[in-house]
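Summary of structural features
Below are the chains, spelled out letter by letter.
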Amino acid sequence: MRWGAMRCLYGSGWSVRLKALAVDWLIWTYLPAAALYYFRGAIAGLPYGRWLYGASIPVGLLMAILLQALGTSVGERVAGLVSEVPADTVGFALRRPWYRTQVGLTVALVCLITLVLGWRITQINLYNVFTRADRMANMTDRLLRPYWPALGALVEKMIETIFLALMATVIAIPIAILVSFFAARNLMHRVTAPYGTLAVGFVFAVGGAWLASRLVDWALAPLAATAIDVVLVRGVSKPLLMLVGLVAGAILGGRTMRHLIESGRHGATHGAVVLVTAVLGAMAAYVLSSFVAMVGYAASWAIFVRELSPWPYVVLAVGAVAGTGVGWRKSAGDSFPLGQVVYTVVRFILNATRSIEPFVWALVFVTWFRLGPFPGMVALMVHSIASLGKLYSEQIESIESGPLEAVRATGANELQTVVYAVVPQIVPPFIAFTIYRWDINVRMSTIIGLVGGGGIGQLLFQYQNLGQWRSVSVAVILIVAVVMTLDYLSARVRERII
Amino acid sequence: MLEIRHLTKVYEGGVRALEDVSLTVDEGEFLVVIGLSGSGKSTLMRCINRLVEPTGGQVLYRGIDVTAASPEELRRIRRRIAMVFQHFNLVRRSTVLTNVLSGRLGYVNPWASLLHRFPPQEVQRAMQNLERVGIAEKAYARADTLSGGQQQRVGIARALMQEPELILADEPVSALDPATSHGVLRHLEAINRDDGITVICNLHFLDLARRYGTRIVALKEGRLIFDGKPAEVDRGWFREIYGQEAEEVGVS
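Residues numbered from 1 in each chain as written. Chains lettered and ligands numbered in written order. Predicted model: local features only at pLDDT ≥ 70, side-chain atom pairs only at ≥ 80, totals over all residues. Heavy atoms only, no water.

**What to know about the interface of chain B and chain A**
Listed by partner, the interface residues are 29 residues for chain B and 19 residues for chain A. Carbon and sulfur atoms supply 60% of the area buried between chain B and chain A, which totals about 2100 Å² over both sides. Among the residues of chain B in contact with chain A, R93(B), L105(B) and L114(B) are the three that bury the most area, contributing 27% of the side total. Where chain B packs against chain A, one counts two salt bridges. Notably, a salt bridge pairs E400(A) with R92(B), separated by 2.9 Å at the nearest N-O pair. (Contact = heavy atoms within 4.5 Å. Buried area = accessible area lost by both parts, 1.4 Å probe. Salt bridge = Lys/Arg side-chain N within 4 Å of Asp/Glu carboxyl O.)

Right, dumping it as structure tokens:
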């Protein structure tokens, strides 16, 4: 009988031992905590109820140590320290059936407790299922007698629904394709840029955007500020020109810097880098502290400065110093992993956007634009871009690298390599994913009307609210018929193309 | 023409693929590199056109330092060096013609090429190269419908499109049967002899090396251990390069 996990921690392979201990501890903290949670009603009434849950943690640790000492711990088996097969068996070693192994039994116990707890938490109530069936009689009767005259209004809404999904998908596709290249690790990780070029390019870009914004304002100054067309022109041209200014500034700054670096003016270039990183550091500090002030104390930077001065300036100074520290150690020519940063940022934005269902997006857009199919379409579009972007980029990451290497070896530039080696390999999966997304959007668009997103959902929920089950029935039949047809057609299209 | 000075490559994780390899290649040679799998042959090939970044040392191509070249310069160097791969590395879903034309990407107008528009003389040249390797009739077939030998010939046609001064062939026949291997190597031999293009070729089988090479170089565990004429690789050297247990297998 071996004694104590503690002693073994000092033996060889301590990280493996630690992993084994962690697994056991986790399991034996979860089990009592879950068991306690089953009785959460009663525990909430007790004076120190919450502490009981916390007590599972030391209990778990004790159990873990005890079981490891007795040699019957799951963690050890998971970490590979103990094997269920006796060491002296040669050749075929029959595995013991799961119910006779430690891991099997423990997993079964965990599953059982989790299921029981789940039953309680989701309030499964079979009594209601069987005894309240008679309340359905009225509704069921009406659902089974569709009121066909309602079809007229419904068909128009159905057409709106189909186009909602179509427009959302079609507009999302090119944007998602563009975004997906920036979220593909194998393409992005090769992209680097020198610190100097980035620093100065950034400054010039911001300057360019600001200049462009001023330009638009100056050009439109003499015109009436509230006339519809002026608002539209300003609204469209300002962001566009700012983008142009941004890009032009970046290119100009980058070229200038590259010229300076190549002509060997190390002092100037290094100085530029340090200055920019100092300013960026201060800006980052400002943004971070504003965020903290806002979230933690419901204050803004202005209040922060007024109430707590001189601390805010200290924060800015710290940021500037940190920035300088980063900038000092790098010379202007050192390469910054721009691609990796872009990849991480884009991936994060895509994941966050995907986590928010179109329903929620629709709520946002309905407030911004007005009720109707437009916000619904934009909501579906935004979610589709994120989802398609992720799917496309995963495809790009899984292409064969051989043809990529071959095209690169002929002296092709990055863009040519992408067009000739990447694109042909990803076309079939792209089409498959697009059709998949189209299916989802069609189904989503039938219900996005609930939050004001237009389409047949609006009518459906309206009928439901008024208790007009016979019309609901017609709507549901129509939805099912259309969705099933579209599903079938898209499956056939997919077959033909792949 | 090509000078490799003290080339070293250490992969992440500490694997020392190349250890201080120095080598000079003259114009018009058919240099064969032999050695066990994992001895660094592929790494050496890929360091020459910097598909793999060397950890140390220099590669000088016609006096230009490849290892220190900027991305622009590197592309200009790469288009003069063609490469043929073990697994053919064709774009499967594209046609044979598109695959061959992609060899010319370093020379044509980049914007036109993005729209798959090549000048007619390039398309002519592509068809001529396909005829030279004997598969002109497959020009519009999808690349993955071809057999191994045919795909490798497409690879050679693609290499010829670059009008290269040097061809790097990384185990071009390892995935092919003996008869097809001879066919492919005969094409390379003809290109070397008739066009004067230098060829550096990795091979597994010694009698292929003896039959086609004008000079043999052997790698063992990343180091260059033999540099000489094919006839000089006798039994002793064979054991040295491939290990004491090795037996010579013929493909003739």
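This is not the end of the story, as more comes after the structure.
**So, the sheet that holds strand β10 (residues 223-228) of chain B**
All names here are of chain B. Read across the open sheet, the six strands follow the order β6-β7-β8-β3-β9-β10; overall the sheet is mixed. In this open sheet, the two edge strands, each paired with only one partner strand, are β6 (81-84) and β10. Pairwise comparison of adjacent strand axes, ignoring direction, gives a mean angle of 20° for this sheet. With four bridges connecting them, strand β3 (residues 30-34) and strand β9 (residues 215-220) associate as parallel partners. For V32, the partnering residue across the bridge sits in β9 and is I216. Across the face of the sheet, helix α7 (residues 178-195) comes into contact with β3, β7 (166-169) and β8 (198-202) while running at roughly 155° to β8. (Pairing = 2+ DSSP bridges. Helix = DSSP H or I, 4+ residues; strand = E, 2+ residues; numbered from the N terminus. Axes fitted to C-alpha atoms, helices over the stretch in contact; angles between N-to-C directions.)

**Some remarks on the pairing of β7(B)**
Residues and elements named next belong to chain B. Here β7 shows no split at all, with L166 and L168 on one side and I167 and A169 on the other all buried. Taken together, the four bridges between β6 and β7 define a ladder with parallel strand orientation. When the bridges of β7 are listed, M83 appears paired with L168. When β7 meets β8, the two strands line up parallel, connected through four bridges. Looking at β8, one finds that A169 is bridged to C201. Handedness of the crossover is the feature at issue here: the chain leaves β7, passes through α7, returns alongside β8, and the resulting connection is right-handed. (Buried < 20%, exposed > 50% of the residue type's maximum accessible area, 1.4 Å probe, protein only. Right-handed = clockwise from strand over helix to strand, strands pointing away.)

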